[in-house]
Amino acid sequence: MGSPGAQQQDVVVIGAGMAGLLAAAALARDGRTVTLLDRDDLPDGPEPRPGVPQGRQPHLLLHRGLRAIEDLLPGFGDNLRAAGAVPVDTGDLAWLSAAGWTPTVREVEVLLATRPLLEHRLRQCVLALPGVRVVGNQRVTGLRRGGPGEPRWWVDAATAGWSDGPGAGPADDAGTRAWPAHLVVDASGRASRLPTWLDGLGLPAAQVEELDARVGYATVRVRLPADRVGARGVVLLQLPGQGGGLALPTEDGWWTVTGIGAGEQRPPRDLPGLRTFLAGLRDDALARVAAAGPLDGDVATHRQTGNRRHRYDRLPGWPDGLLVVGDALFALDPVYGQGITVAALEAQRLRRADAREPLGGDGAAARVVRDCARLAELPWQMATSADRELAGLPRSRAPLSVLSGWWIAELGRLTAHGDTVAQVAMSRVYQLLDPPTTLFHPRLVARWLRARARGYGAPVPRPVLLPDEVPGVGVVGGGR
Ligand SMILES: Cc1cc2nc3c(=O)[nH]c(=O)nc-3n(C[C@H](O)[C@H](O)[C@H](O)COP(=O)(O)OP(=O)(O)OC[C@H]3O[C@@H](n4cnc5c(N)ncnc54)[C@H](O)[C@@H]3O)c2cc1C
C-alpha cells in the first residue's frame, strides 16, 4: 500500500477514541485517505461525550505512552502541556503502597489531564495530518467483504443527522451509509462488535479471556490550587479486601479525587457515601483533600473495568485487510493506567509494519494482530495477576509466580524504608519502561541482603499533605 504511483487507498478506522486516533496517526501518509468513523457527534472542544463513559474519571499518560505518542506525533507532549496538562514526576507523588509510604525520588514524568483534553488535543494533532478526517454520527453496524471489482471492504454505518468532512456523500434515505475500504481498523473500544461481524464473515469465534475483579471508580472534582496539596498527587494503593484511591490535579485548576474498590468494597455512588468511603481508607488523605475546597457537580461512577482479551491472534483464517487495536483487542483494568499506553505501542507497531510490507497483503494483518497481542502480554499479566487477588481468587501456585510475588513484596518493604534504588526499579517496570527481569538485578538482591543483615532503617514518614496537618499528630507523621 502507498507505493509511489499506486492508486489512492481508503483506510476506515471504526472509533475515534484514543486507539483509533493513534492508529490513524500511524497510518496517515500520502496517497491514502484515513477516515475515522465515530458514533458520537464529536465536540469541537475538550468536552465529555457519551461514547467515552469513562470520560469523567482520572486519566494519566504513562511515560512510555507519552514517548510512543511523541514518536508518532512529535511535539504532542508540549502541545498537551501548553493546554495545561500537569507534568508530574511519579517520584513526587505521595504513594501509600502495601508496605507503607514510598520515598520521594526522581523517577519519570507522566502527564495528568482530563480525558476530554487528552482526546481533544490528540484529535487536533491527528486531523492536521494529510488525508485524515473524522466523521461523527456514524454508528458502525456491520462489515462486509466487497464483491469482484469493488473495494475489499464495505463498512456499514447508521447515521443520525450526520455531518462530516469533505468528500463524503449524502446518507441514503434509510439513514445508513456504506464506506469503502482497502483496510479497516476496529478501534471501537470495549463496545466492539467485531465478534459478531467476524461470525457474519464465516469465521469461528475467537477465544475470550476475562478476569473481572469488579473494580469500581467514584470521582468528585474539587477546586484547589495545584500547590495547596503538599505533593504532586496522592495515591493510596488498593489492596485485596480494602479500597484505595487517588487525588490528582488536572489542567483547569481542579483536582479529581477518586475512591476505588473491588466487589463489596466498591465506592458508593452518592456524595455522603463517598466521603465515608474515603474517610475509612488506610489513610484519610483523600477525604481531607475532598473536603479542602468546593466541589464541582455530582459523583461520577464507572464500573466497566474488567480485563478482557480477544484471542484474535489465535484465530485461523484471519481476514486480510482487517486490524483491531485498543480496548477492542485488549481491555485492561484501568487501575494500572496502561490502556492509552498500550494503544500507543500498538500504533507504533502498525506504523512499523506499514513501512515493512503492504498491510492489505497476504497474511500481513494477521501478523500485526499477533504482534499487538505479544506486546500486550506483559500489561495483561501485570493487571490480571494483581486482579486475581482483588477478585479473591486463589494465587497462582506456579513456582515462578510465587517467587515473583514474594520478591515484589520484599522490594516494596525496602522502598517503604526509603530505598530509592528499589523504588525507581519498581516504578520503571510499572511504567512499562523496563522488563520485570530487571527487578531481579544483583544490585537489588544485594540491597535486600544488606537490609536483612543490618536492618531496614526507619519507615518513610507520611508526607504532610495539607497546611492544617500537624506533623506527629494522629496519622500525620512528618514532612518530605
Ligand atoms: C475509569 C477508567 C479510567 C482509566 N484511566 C486510564 C488512565 O489513567 N490511563 C490510561 O492510559 N488509560 C486509562 N483508561 C483506559 C483508557 O480509557 C482506554 O484504554 C483507552 O481509552 C482505549 O481507547 P479505545 O480507543 O480503544 O477505546 P475508547 O477510548 O473507549 O474509544 C472507543 C470509541 O469508539 C466509538 N465507538 C464505539 N462503538 C462504535 C460503533 N459501533 N461505531 C462507531 N464508533 C463506535 C466510541 O464512541 C469511542 O469514541 C481508563 C479507563 C477507565 C474505564
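Residues numbered from 1 in each chain as written. Predicted model: local features only at pLDDT ≥ 70, side-chain atom pairs only at ≥ 80, totals over all residues. Heavy atoms only, no water.

**Examining the sheet that holds strand β12 (residues 208-211)**
Spatially, three strands are ordered β12-β18-β20 in an open sheet, and the strand pairing comes out antiparallel. With one partner strand each, in any of the chains shown, β12 and β20 (330-331) form the two edges of the open sheet. Across four bridges, β12 lies against strand β18 (residues 307-310) in antiparallel orientation. Paired with V208 across the two strands is H310, which belongs to β18. Each of β12, β18 and β20 touches helix α10 (residues 377-390); the most contacted strand, β18, lies at about 140 degrees to it. (Pairing = 2+ DSSP bridges. Helix = DSSP H or I, 4+ residues; strand = E, 2+ residues; numbered from the N terminus. Contact = heavy atoms within 4.5 Å. Axes fitted to C-alpha atoms, helices over the stretch in contact; angles between N-to-C directions.)

**Looking at the domain arrangement of the chain**
Taken domain by domain, the chain holds domain 1 (9-56 + 118-210 + 307-381) and domain 2 (87-113 + 213-302). Taken over C-alpha atoms, the centre of domain 1 sits 32 Å from the centre of domain 2. Counting residues at the interface gives seven residues for domain 1, matched by nine residues for domain 2. When domain 1 packs against domain 2, close to 660 Å² is buried across both sides, 59% of that on carbon and sulfur atoms. Applying the counting criterion to the domain 1 and domain 2 interface returns zero salt bridges. At the boundary of domain 1 with domain 2, the tally comes to three residue pairs in polar contact (both at pLDDT 80 or more). The class makeup of the residues in the side of domain 1 that touches domain 2 is four nonpolar, one polar and two charged. (Domains from an automatic or database assignment. Buried area = accessible area lost by both parts, 1.4 Å probe. Salt bridge = Lys/Arg side-chain N within 4 Å of Asp/Glu carboxyl O. Polar contact = N/O pair within 3.5 Å; in protein donor to acceptor, adjacent residues only side chain to side chain. Nonpolar A, V, L, I, M, F, W, Y, C, P; charged D, E, K, R; others polar.)

**A short note on the site of the ligand**
Neighbouring residues of the ligand: 31 residues in total, closest D38, R49, L60, R115 and I340. A distance of 3.3 Å separates an oxygen atom of the ligand from a polar backbone atom of M18. The backbone of V140 places a nitrogen or oxygen atom 2.9 Å from a nitrogen atom of the ligand. With the chains in place, 96% of the 1,000 Å² that the ligand exposes on its own is no longer accessible. Counting only elements with at least two residues in the shell around the ligand, the list comes to α1 (18-27), β3 (59-61), β8 (138-145) and α8 (339-356). For the shell around the ligand, the per-class residue count stands at 10 nonpolar, 15 polar and six charged. (Near = heavy atom within 4 Å. Areas by Shrake-Rupley, 256 points an atom, 1.4 Å probe, with all protein chains shown as cover.)

**Re the packing of aromatic side chains**
Using the criterion set out here, one finds seven aromatic pairs in the structure. Each ring, one from F330 and one from W380, has its centre 6.3 Å from the other, and the planes form 70 degrees; the classification is edge-to-face. A residue pair is termed long-range when its members are at least 10 positions apart, and F330 in strand β20 and W380 in helix α10 qualify at 50 residues. Taken together, the ring pairs in this structure connect W406, W407, F440 and W448 into an aromatic cluster. Taking NZ or CZ as reference, R413 lies 3.9 Å from the ring centre of Y456, over its face. (Phe/Tyr/Trp six-rings, centres within 6.5 Å; stacked < 30°, edge-to-face > 60°. Lys NZ or Arg CZ within 6 Å of the ring centre and 35° of its normal.)

**A look at unusual backbone geometry**
You will see that R214, though not glycine, has its phi angle at about 55 degrees, which is positive. In this structure, R214 sits in the loop between β12 and β13 (215-223). The class for R214 is partly exposed, based on a relative accessible area of 38%. With phi around 60 degrees, L432 is a residue other than glycine that occupies positive phi space. Inspection of the secondary structure puts L432 in the loop between α12 (420-430) and α13 (442-454). (Buried < 20%, exposed > 50% of the residue type's maximum accessible area, 1.4 Å probe, protein only.)

**Quick look at the confidence of the model for the chain**
Looking at the chain, pLDDT values average 91 and 93% of them are 70 or higher. Confidence drops under pLDDT 50 across residues 162-169; counting only partners more than four residues distant or on other chains, this segment forms 22 contacts. (pLDDT = per-residue confidence, 0-100.)

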